[in-house]
Amino acid sequence: MDAILEFLGRIPWWLWIIVVLVVIAIRDIFQRKHTIVRNFPIVGHFRYFLEGIGPELRQYLVANNREELPFNRIERGWVYASSKNENNYEGFGTDRDIYAHQHIFVNNAMLPFKIEKDHPNAIDKTFLPCAKVMGAYNKRRKPYRPASIINVSAMSFGSLSAKAIESLNKGIKIAHAYHNTGEGGLSPYHSNGGDVVFHFGTGYFGVRSDDGNFSMDKMKKLVKDNPFIRAIEVKLSQGAKPGKGGVLPGEKITQEIADIRGVEVGKTVLSPPNHKAFSTIPEMVNFIEAIAEETGLPVGIKAAIGKLGQWEELADIMLETGKGPDFITVDGGEGGTGAAPPSFADHVSLPWVYGFGDLYKLFKDKGLTERIVFIGSGKLGFPAKAAMAFAMGADCINVAREAMMSIGCIQAQVCDTNRCPTGIATQSKWLQRGIDITLKSERLAQYFKTFRKELIEIAHAAGYEHPCQFTMDDIDVNVDDHNLSEDLSRTYHYHKTKVPFISMQHLKDCEYLGGQLNSN
Ligand SMILES: Cc1cc2nc3c(=O)[nH]c(=O)nc-3n(C[C@H](O)[C@H](O)[C@H](O)COP(=O)(O)O)c2cc1C
């Protein structure tokens with residue numbers, strides 16, 4: 001034995017390296033999985049290595065500030081700085097090509113809106129409730145005025161970690177906003193007392209009968225037991241994957257997730273593309289009315305927009321019957337997801353501006369816009385883009401990925417792998433351990449407050465008290481080279497209906513104001 005060790009010890013280090021390389025080369029030549037490695041033993045591995053670290057290299061070193069998608073470095077930096085209450089200004093002027101196609105401009109007034117001493121925004125620069133009340137037109141028993149025009153969009157416990165959900169939920173409470181549960185049901189992490197919009201899709205998680213159908217009894221009990229649920233959203237589709245149901249793999253279904261979703265532990269659950277509770281538009285309206293009647297809450301629908309035929313049918317039924325959804329959430333094709341096939345994420349459904357414009361115009365032509373609270377989602381979590389959305393007819397904004405970024409998401413784009421390095425989109429306890437819930441909830445709240453403050457300031461610059469007063473003529477968009485910019489009404493061919501607005505004080509005094517701000 002000593003002789004062998006002595007012999008091995010006498011082999012120089014460089015010979016060891018050669019031996020290891022020879023072994024790798026032999027393995028490369030005889031394996032059949034990778035042609036490149038088989039044809040180019042050893043050096044072929046560099047290709048896979050560089051491909052693996054390419055996204056990080058581009059993100060940190062190569063890509064310029066405005067280059068990346070879904071969110072470029074400037075956008076991410078703005079959310080990070082805003083959520084930390086750091087300096088989110090830029091010096092020396094814009095680095096954007098303001099002549100570029102689709103660039104938007106807000107037409108400022110000669111004299112901005114003046115805030116008097118006792119104005120609600122003189123007291124709180126971030127106070128910005130929704131100008132409309134959900135469920136007011138349909139006389140629901142418990143109407144709801146969101147106390148914040150920016151809110152957390154649908155993301156389930158399951159696609160996000162428990163710690164991420166709890167951070168968002170505690171954050172919206174501080175910011176007086178609402179938290180949409182996403183499709184995974186209501187979890188304890190959603191239940192810290194802030195306003196919640198309960199959302200369900202075709203899986204009916206949390207309100208699911210044993211045979212996988214919708215259970216009205218469970219819905220009623222859920223709402224009764226959790227009075228912080230202020231509205232219900234029925235998901236028809238989302239921008240990243242319209243017409244596709246979700247898959248929750250068995251290995252991700254822990255006892256806790258199984259209990260919350262009302263499914264079996266370890267058994268893969270497929271949510272189908274279609275609802276079992278309704279198959280036609282009249283049936284859907286009856287379904288909405290039944291939930292609203294049983295729970296007393298406003299009920300809305302969420303969808304990505306493509307063809308308009310069935311929306312027209314819905315509008316006609318609403319006109320004829322006086323019934324229908326209290327709010328409509330329009331998700332843009334640029335919307336995010338936990339996981340979707342690229343062919344769907346890239347190509348199915350319209351981008352937000354086109355989809356929302358088409359839908360709003362349809363409802364406006366039928367005189368229905370006053371009845372509905374319009375919510376927009378799809379990269380709208382930036383004040384100037386939100387101003388454009390309000391000018392087009394949106395009443396509220398939902399944000400998903402921007403909210404994730406405010407609590408530390410670095411856009412690693414691995415939400416579908418359970419390996420999210422920031423612990424946000426993973427069920428790994430080890431990866432979640434880095435999240436400090438108190439700190440992250442403050443960050444979400446600060447992002448929302450900064451967003452509202454800047455949006456109010458943009459409205460003031462345009463001479464308005466509230467962004468609901470923006471009209472299509474207030475925002476221009478670059479359309480092409482010959483006709484460098486057109487106002488929104490000429491670009492999208494409609495004028496938005498004037499939103500009835502008395503004053504910010506009137507909104508503050510509203511008996512239906514949410515966000516625990518109601519002093520009545
Ligand atoms: C991780 C993740 C999970 C999501 N889960 C849902 C969901 O359960 N139901 C749904 O309707 N939309 C879901 N969405 C879509 C978002 O709610 C939102 O509509 C979309 O991402 C656009 O908003 P954003 O651009 O601010 O991210 C999810 C998005 C992400 C990023």
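Remember, it's a predicted structure, so these values are computed and weren't measured experimentally.

A.B. asks: So what about the site of the ligand? Which residues, and what values?
C.D. replies: Surrounding the ligand, one finds 24 residues, the nearest of these being Ala154, Gly336, Lys379, Arg401 and Glu402. Between the ligand and serine 153, the relevant distance is 2.8 Å, taken from an oxygen atom to a side-chain nitrogen or oxygen of the residue. Glycine 336 places a polar main-chain atom, nitrogen or oxygen, 2.8 Å from an oxygen atom of the ligand. If the ligand stood free it would expose 610 Å²; the protein chains cover 98% of that surface. When its residues are assigned to classes, the shell around the ligand shows six nonpolar, 11 polar and seven charged.

A.B. asks: So what's going on with the packing of aromatic side chains? Residues and values would help.
C.D. replies: According to the stated counting rule, one finds 22 aromatic pairs in the structure shown. Aromatic pair phenylalanine 71 and phenylalanine 382: ring centres 6.1 Å apart, planes at 45°, arrangement tilted. Here phenylalanine 71 is found in the loop between helix H4 (44–62) and helix H5 (73–83), whereas its partner phenylalanine 382 is found in the loop between strand S10 (373–377) and helix H14 (383–392), with 311 residues between them in sequence. Like phenylalanine 382, phenylalanine 71 is buried. Joined through ring pairs, the aromatic side chains of Phe71, Trp78, Phe382, Tyr447, Phe448 and Phe451 make up one cluster. One Lys or Arg, arginine 261, reaches over the ring of phenylalanine 205 and ends 4.8 Å from the middle of that ring. Here lysine 508 stacks its cationic end above the ring of phenylalanine 127, 6.0 Å away from the centre of that ring.

A.B. asks: So, empty space enclosed by the protein: which residues are in play, and what are the values?
C.D. replies: Under the counting rule described, the total for this entry stands at one cavity of 30 Å³ or more. Considering only enclosed or pocket space, the largest cavity measures out at about 120 Å³ in volume. Forming the walls of the largest cavity are 14 residues, and the residues nearest its centre are Thr202, Lys235, Leu236, Lys244 and Gly245. Partitioned by chemical class, the residues of the lining of the largest cavity number three nonpolar, seven polar and four charged.

A.B. asks: Go over the packing of helix H11 (residues 309–321) against helix H13 (residues 352–365), please, and point to the residues and values.
C.D. replies: The contact between H11 and H13 brings their axes to 10 Å, and the two run at 30°. By the angle between their axes, H11 is roughly parallel relative to H13. H11 and H13 meet at a crossing whose hand is right-handed. Mapping the contact onto sequence places Trp311, Glu312, Leu314, Ala315 and Met318 in H11 and Leu359, Leu362 and Phe363 in H13. In the contact of H11 with H13, the residues fall into seven nonpolar, no polar and one charged.

A.B. asks: How would you explain the nonpolar core if you had to name every residue and give the values?
C.D. replies: When a protein is soluble and globular, its nonpolar side chains tend to lie buried together. Counting 115 residues, the largest nonpolar core has Phe200, Met219, Trp311, Trp352, Phe363, Met392 and Phe448 as its most contacted members. Broken down by element, this core gets its largest block of residues, eight residues, from helix H17 (residues 437–461). Once residues lying within four places of it in the same chain are set aside, the contact partners of methionine 392 are Trp352, Val353, Phe356, Gly357, Tyr360, Met472, Leu488, Tyr492, Tyr494 and Lys496. In terms of nonpolar packing, the next biggest core, distinct from the first, is built from 10 residues, Met134, Tyr144, Val197 and Ala231 among them.

A.B. asks: Break down the pattern of salt bridges for me, with residues and values.
C.D. replies: Using the criterion set out here, one finds 20 salt bridges in the structure. We note a salt bridge from lysine 132 to aspartate 395, for which the minimum N-O separation is 3.0 Å. Of this pair, lysine 132 sits in the loop between helix H6 (120–123) and strand S2 (150–152) while aspartate 395 sits in the loop between H14 and strand S11 (396–399), and the two are 263 residues apart along the sequence. For lysine 132, a relative accessible area of 10% corresponds to the buried category.

A.B. asks: Run through the environment of aspartate 395, naming residues and quoting values.
C.D. replies: Its relative accessible area of 2% is what places aspartate 395 among the buried residues. Within the structure, the side chain of aspartate 395 is placed 3.0 Å from the side chain of lysine 132, a separation counted as a polar contact.

A.B. asks: Before we move on, could you go through the pairing of strand S4 (residues 195–200) and cite the residues and values that matter?
C.D. replies: For S4, a buried count of six out of six residues is recorded, marking the element as mostly surrounded by other parts of the structure. Every second residue of S4 is oriented toward a common face, with Asp195, Val197 and His199 on one face and Val196, Phe198 and Phe200 on the other, all of them buried. When strand S3 (residues 178–180) meets S4, the two strands line up parallel, connected through three bridges. When the sheet's bridge partners are listed, asparagine 180 is paired in S4 with valine 197. By the bridge criterion, five bridges tie S4 to strand S5 (residues 229–235) in an arrangement that is parallel. Within S5, the residue paired with phenylalanine 200 across the bridge is valine 234. Traced from S4 through helix H8 (residues 216–225) to S5, the parallel crossover comes out right-handed.

The rules we used
- Residue indices follow the written sequence of each chain, beginning from 1 at its first position.
- Local features in this predicted model are restricted to residues whose pLDDT is 70 or higher, and side-chain atom pairs enter the listing and the counts only when it is 80 or higher, whereas totals over whole chains, interfaces and linings include all residues.
- The side-chain figures draw on all heavy atoms in the structure; neither hydrogens nor water molecules are used.
- Here a residue is near a molecule or strand as soon as one of its heavy atoms is found within 4 Å of it.
- Contacts described as polar in this section are N or O atom pairs within 3.5 Å, which, within protein, must combine one atom able to donate a hydrogen with one able to accept it, while residues neighboring in sequence count only if both atoms come from side chains.
- Areas reported as accessible are Shrake-Rupley estimates using a 1.4 Å probe. Residue values count occlusion only from the protein chains shown.
- Each residue receives one of three labels: charged for Asp, Glu, Lys and Arg, nonpolar for Ala, Val, Leu, Ile, Met, Phe, Trp, Tyr, Cys and Pro, and polar for the others, Gly being one of them.
- Any two of the Phe, Tyr and Trp rings considered here, Trp counted by its six-membered ring, make a pair once their centres fall within 6.5 Å; the pair's planes then place it as stacked at under 30 degrees, edge-to-face at over 60, or tilted in between.
- Only DSSP runs of H or I covering at least 4 residues are called helices, and only runs of E covering at least 2 are called strands; the numbering of each starts at the N terminus.
- Accessibility here uses a 1.4 Å probe with only protein chains present; expressed as a share of the type maximum, an area under 20% marks a residue as buried, one over 50% as exposed, and anything in between as partly exposed.
- Two thresholds decide whether a charge sits over a ring: the Lys NZ or Arg CZ must be within 6 Å of the ring centre and within 35 degrees of the ring normal.
- Both cavities and pockets are sets of points on a 1 Å grid over the protein atoms alone; in a cavity a 1.4 Å probe fits but cannot get out, in a pocket the set is open with protein on both sides within 12 Å along at least five of seven lines, and lining residues sit with an atom within 4 Å of a point.
- Grid points are joined across faces, edges and corners, and a volume is the space filled by probe spheres set on the points.
- Interaxial angle, 0 to 180 degrees, is taken between N-to-C directions of lines fitted to C-alpha atoms, where a helix line uses only the stretch in contact.
- Angle categories are assigned with fixed cut-offs, so that under 35 degrees is roughly parallel, over 145 is roughly antiparallel, 65 to 115 is roughly perpendicular, and the rest are oblique.
- Crossing handedness is read from the near helix: turned anticlockwise from the far helix by less than a right angle, it gives a left-handed crossing, and turned clockwise, a right-handed one.
- Residue contacts follow a heavy-atom distance rule, with two residues in contact if any of their heavy atoms lie within 4.5 Å.
- Remark: nonpolar core denotes a set of buried residues (Ala, Val, Leu, Ile, Met, Phe, Trp, Tyr, Cys) joined through side-chain atoms within 4.5 Å.
- Counted as salt bridges are all cases of a side-chain nitrogen of Lys or Arg within 4 Å of a carboxyl oxygen of Asp or Glu.
- A pair of strands is treated as paired once DSSP finds two or more bridges between them.
- Handedness of a crossover: with both strands directed away from the viewer, a clockwise path from the first strand across the helix to the second marks it as right-handed.

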